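Listed below, chain by chain, are the residues.
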Amino acid sequence: MLEVKNLRKSYGPKEVLKGVNFKIPKGKTVAIMGPSGCGKSTTIRCLNRLTQPDAGQILFKGIPILELSEERLLDWRREVGFVFQKFNLIERLTVIENVILPLIKTGISIDKLRDKAINLLKKVRLSDEINSYPKNLSGGQKQRVGIARALVIEPSLMLLDEPTASLDPILVKEVLEVIEDLTRDKDKIVIIVTHEVSFALRIADIILLMDKGRVVEIGTPQSIFDNPKSEVGRRYKDLLDYY
Ligand SMILES: Nc1ncnc2c1ncn2[C@@H]1O[C@H](COP(=O)(O)OP(=O)(O)OP(=O)(O)O)[C@@H](O)[C@H]1O
Ligand SMILES: [Mg+2]
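What you see as residue numbers is a count from 1 along each chain, following the sequence as written. All chains are assigned letters beginning at A, and all ligands numbers beginning at 1, according to the order in which they are written. Only residues with pLDDT of 70 or above have their local features reported here, since the model is predicted, and side-chain atom pairs are shown and tallied only from 80 upward, although totals for entire chains, interfaces and linings are computed over all residues. For side-chain calculations, the full set of non-hydrogen atoms in the structure is used, while hydrogens and water are omitted.

In the nomenclature of an unreviewed UniProt entry, the chain corresponds to Polar amino acid transport system ATP-binding protein from the organism Orenia marismortui. UniProt positions are given in the numbering used here, feature names are shortened, and annotations may be inferred rather than shown by experiment. For the record of the chain, the UniProt heading Subcellular location (unreviewed entry) holds the text "Cell membrane". UniProt, in the comment section headed Sequence similarities (unreviewed entry), describes the chain in these words: "Belongs to the ABC transporter superfamily."

## Details of the sheet that holds strand S3 (residues 29-33)
With mixed pairing, the 6 strands of this open sheet are ordered in space as S6-S7-S8-S3-S9-S10. Each end of this open sheet is capped by a strand with a single partner; those strands are strand S6 (80-83) and strand S10 (214-219). Each neighbouring strand pair of the sheet contributes to a mean axis angle of 15°, computed without reference to strand direction. Strand direction decides the pairing type here: S6 and strand S7 (residues 157-161), joined by 4 bridges, are parallel. Looking across to S7, one finds that Val83 is bridged to Leu160. For two strands to count as paired, DSSP must find a minimum of two bridges between them. What counts as a helix is a DSSP run of H or I of at least four residues, what counts as a strand is a run of E of at least two, and both are numbered from the N terminus. Every axis corresponds to a line fitted to the C-alpha atoms, with the helix fit spanning only the stretch in contact, and the corresponding angles, defined between N-to-C directions, vary from 0 to 180 degrees.

## Some thoughts on the UniProt feature "domain: ABC transporter" (unreviewed entry) in the chain
Taking the numbering used here, the UniProt-annotated feature "domain: ABC transporter" (unreviewed entry) corresponds to residues 2-237. Annotation note: span residues 2-237, helix share 35%, strand share 25%, distance between end C-alpha atoms 27 Å.

## Examining the site of ligand 1
Nearness of a residue to a molecule or strand requires only that one of the residue's heavy atoms be within 4 Å of it. Around ligand 1, a shell composed of 13 residues is seen, among which Lys14, Ser36, Gly37, Lys40 and Thr42 lie nearest. Polar contact is defined as a pair of N or O atoms within 3.5 Å, subject to the rule that within protein one atom must be able to donate a hydrogen and the other to accept it, and that residues adjacent in sequence are counted only when both atoms are side-chain atoms. Lys14 has a polar side-chain atom sitting 2.6 Å from an oxygen atom of ligand 1. One of the side-chain nitrogen or oxygen atoms of Lys40 is found 2.7 Å away from an oxygen atom of ligand 1. Values of accessible area rely on a 1.4 Å probe in the Shrake-Rupley scheme; residue burial ignores everything except the protein chains shown. Protein chains bury 61% of the 640 Å² of accessible surface belonging to ligand 1 in isolation. Secondary-structure elements contributing two or more residues to the shell around ligand 1 are strand S2 (14-24) and helix H1 (40-47). No other element matches the 3 residues that H1 contributes to the shell around ligand 1. Residue polarity is assigned by list, with Asp, Glu, Lys and Arg as charged and Ala, Val, Leu, Ile, Met, Phe, Trp, Tyr, Cys and Pro as nonpolar; anything else, Gly included, falls into the polar class. Split into classes, the residues belonging to the shell around ligand 1 amount to 4 nonpolar, 6 polar and 3 charged.

## Section: the packing of aromatic side chains
A pair of Phe, Tyr and Trp rings is counted when the ring centres sit within 6.5 Å of each other, with Trp represented by its six-membered ring. The angle between the planes then sorts it: under 30 degrees is stacked, over 60 is edge-to-face, the rest tilted. In this structure the tally under the stated criterion is 2 aromatic pairs. Taken together, a centroid distance of 5.0 Å and an interplanar angle of 55° make the contact between Phe60 and Trp76 tilted. Separated by 16 residues along the polypeptide, Phe60 in strand S4 (residues 55-60) and Trp76 in helix H2 (residues 70-77) bring together distant segments of the chain. When accessible area is computed with a 1.4 Å probe and restricted to protein chains, residues below 20% of their type maximum are described as buried, those above 50% as exposed, and intermediate ones as partly exposed. Relative accessible area serves as the criterion here: at 4%, Phe60 is assigned to the buried category. By relative accessible area, which is 5% here, Trp76 ends up buried. An angle of 40° between the planes, with centres 4.7 Å apart, marks the rings of Phe82 and Phe84 as tilted. Phe82 sits in the buried class, given a relative accessible area of 10%.

## What to know about the pattern of salt bridges
One side-chain nitrogen of Lys or Arg within 4 Å of one carboxyl oxygen of Asp or Glu is enough to make a salt bridge. The tally for this structure, following the rule as stated, stands at 20 salt bridges. Between Asp75 and Arg78 there is a salt bridge whose closest N-O contact spans 3.5 Å. Note that Arg235 and Glu231 form a salt bridge whose closest N and O atoms lie 3.9 Å from each other. Taken together, the residues Arg235 and Glu231, both in helix H9 (residues 231-242) and 4 residues apart, mark about one turn of the helix. Of the residues examined, Glu231 reaches a relative accessible area of 44% and is grouped as partly exposed. Three or more residues are tied together by salt bridges with common partners; here these are Arg125, Lys173, Glu177, Glu180, Asp181, Arg184 and Arg202.

## Comments concerning the pairing of strand S8 (residues 189-193)
Sheet faces and side chains relate simply in a regular strand, where the side chains alternate between the two faces. Among the 5 residues that make up S8, 5 are buried, leaving the element largely enclosed by the rest of the structure. Side chains Ile189, Ile191 and Val193 project from S8 onto one buried face, and the interleaved Val190 and Ile192 project onto a second face that is buried too. Both S3 and S8 contribute to a ladder of 4 bridges, which runs parallel. Within S8, the position partnered with Ala31 by the bridge is Ile192. Taken together, S7, helix H6 (residues 169-182) and S8 form a β-α-β motif whose crossover is right-handed. Handedness is read with the strands pointing away from the viewer; a crossover is right-handed when the path from the first strand over the helix to the second is clockwise.

## Quick notes on the sheet that holds strand S1 (residues 2-11)
Taken together, the 4 strands give an open sheet; going across it, the order is S2-S1-S4-S5, and neighbouring strands pair in antiparallel fashion. On the outer flanks of this sheet lie S2 and strand S5 (63-64), each paired with one strand and no other. In this structure, S1 lies alongside S4, joined through 5 bridges in antiparallel fashion. Counterpart to Glu3 in the pairing with S4 is Leu59. Throughout, a contact is declared for two residues whenever any of their heavy atoms are within 4.5 Å. Most of the contacts of H1 go to S2, to which it runs at about 60°, and overall it touches S1, S2 and S4.

This is the structure we're talking about:
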């Protein structure tokens, strides 16, 4: 269970998170949606403490994440997989080296790490590119490496920040399919920030709508898109009706 209570963040005079509250049960897939600049990335970056909020509380399985010591914070980061919009691969490393990297200093033998990475690369349909370099991959392939790298730590929380936003529309589907696969394992919470309305509707157990630094609506896709209560919800419903 993940619980976020009254999360606040300002940059200078600008209040970006104005008290964000939500609860997510174990095993659920959540789609965070909302207009550009409403605080989606800031919210998920607070969860693994890439961004430090000014106030509020984050509890994961009852553990207060914002109060962890430096050492315990490293342990926490090893439980959280993060997939970036711009992939963030290391260009001088091969695909398999990129995937192994998060576990390289853990003392696990290199053979075990390789086996693990090869299995994951199969899962994201990249078995043929194990020894390729990022520069020789398409955007969709790069993002699937990014997903394998996030999965290698066996995260109990997986965060994806607009994972398809940098992709050619033709390559979006192959990445969405891989993400859909990973949401089938109900062993972790997956939170994905996305503007892909029909994808969110298809894979999310919970939709969380944000606007101007606040959660304005949270619920099942059906409850939200059938009967939106917020302005943002109504706009997404219009978009769906259009399609
Ligand atoms: N490091 C930073 N320094 C200053 N302002 C920031 C910083 N990070 C984010 N902001 C501002 O905070 C607001 C919220 O940003 P955030 O990235 O969380 O929005 P978002 O909902 O993810 O938007 P998008 O859909 O465009 O990715 C924006 O106005 C942004 O300019
Ligand atoms: Mg963002």
